[in-house]
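Structure at a glance
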Amino acid sequence: MAARNTKSSDEQPNATVRTQEYAAGEGWNVGDKAPSDAFRALDAAGTGEPTGPVVYEHPGGYARQIVAKGQVITEGVKRELDAAEQPAEQPAEGEQG
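This part covers the side chain of Ser 36. In this structure, Ser 36 sits in the segment before strand E1 (38-42). Owing to a relative accessible area of 19%, Ser 36 belongs among the buried residues under this scheme. With residues near it in sequence (within four places) discarded, Ser 36 still touches Trp 28, Tyr 56, Val 67, Ala 68 and Lys 69.

What follows deals with the pattern of salt bridges. Evaluation of the coordinates by the stated rule reveals two salt bridges. In this structure, Glu 80 and Arg 64 form a salt bridge, with 3.0 Å as the shortest nitrogen-oxygen distance. In this pair, Glu 80 sits in helix H1 (residues 75-85) while Arg 64 sits in strand E3 (residues 63-67), placing the two residues 16 residues apart along the sequence. By relative accessible area, which is 32% here, Arg 64 ends up partly exposed. Notably, a salt bridge pairs Asp 82 with Lys 78, separated by 3.5 Å at the nearest N-O pair. With Asp 82 and Lys 78 both in helix H1, this residue pair falls four residues apart, about one helical turn.

About the cut-offs
- Numbering of residues starts from 1 in each chain and follows the order in which that chain's sequence is written.
- The predicted nature of this model means local features are confined to residues of pLDDT at least 70 and side-chain atom pairs, given and counted, to a pLDDT of 80 or more, with totals for whole chains, interfaces and linings taken over all residues.
- Water and hydrogen atoms were dropped before computing side-chain values, which therefore reflect all heavy atoms in the structure.
- Helix and strand definitions follow DSSP, with helices as H or I runs of at least four residues and strands as E runs of at least two, each counted in order from the N terminus.
- We call a residue buried when its accessible area falls under 20% of the maximum for its residue type, exposed when it is over 50%, and partly exposed in between, using a 1.4 Å probe and counting protein chains only.
- When checking whether two residues touch, look at their non-hydrogen atoms; a contact exists if any pair is within 4.5 Å.
- By definition, a salt bridge exists where a carboxyl oxygen of Asp or Glu is found within 4 Å of a side-chain nitrogen of Lys or Arg.

Treat this as a map of the structure, not an account of what it does.
Take a look at the structure:
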């Protein structure tokens, strides 16, 4: 006697679904991989304060590297990139800088 298949044709066998890992996208958002190096020049007065915009090649002189190409953008890196986009605070009228 031949073995009978007791399952109906519309039943599907239990399938194992593997999770898939996706590489982080390239960009400047948290979790992305940095598409290039990012630097910010340090002031010439010697205080070590960052000045100017974020640049993607070493600006020469003193500079701080914010992130290296291919590294994951963290909360701290994103905060520093965002801070560089904020306009510098101007002294209020009547105050001497």
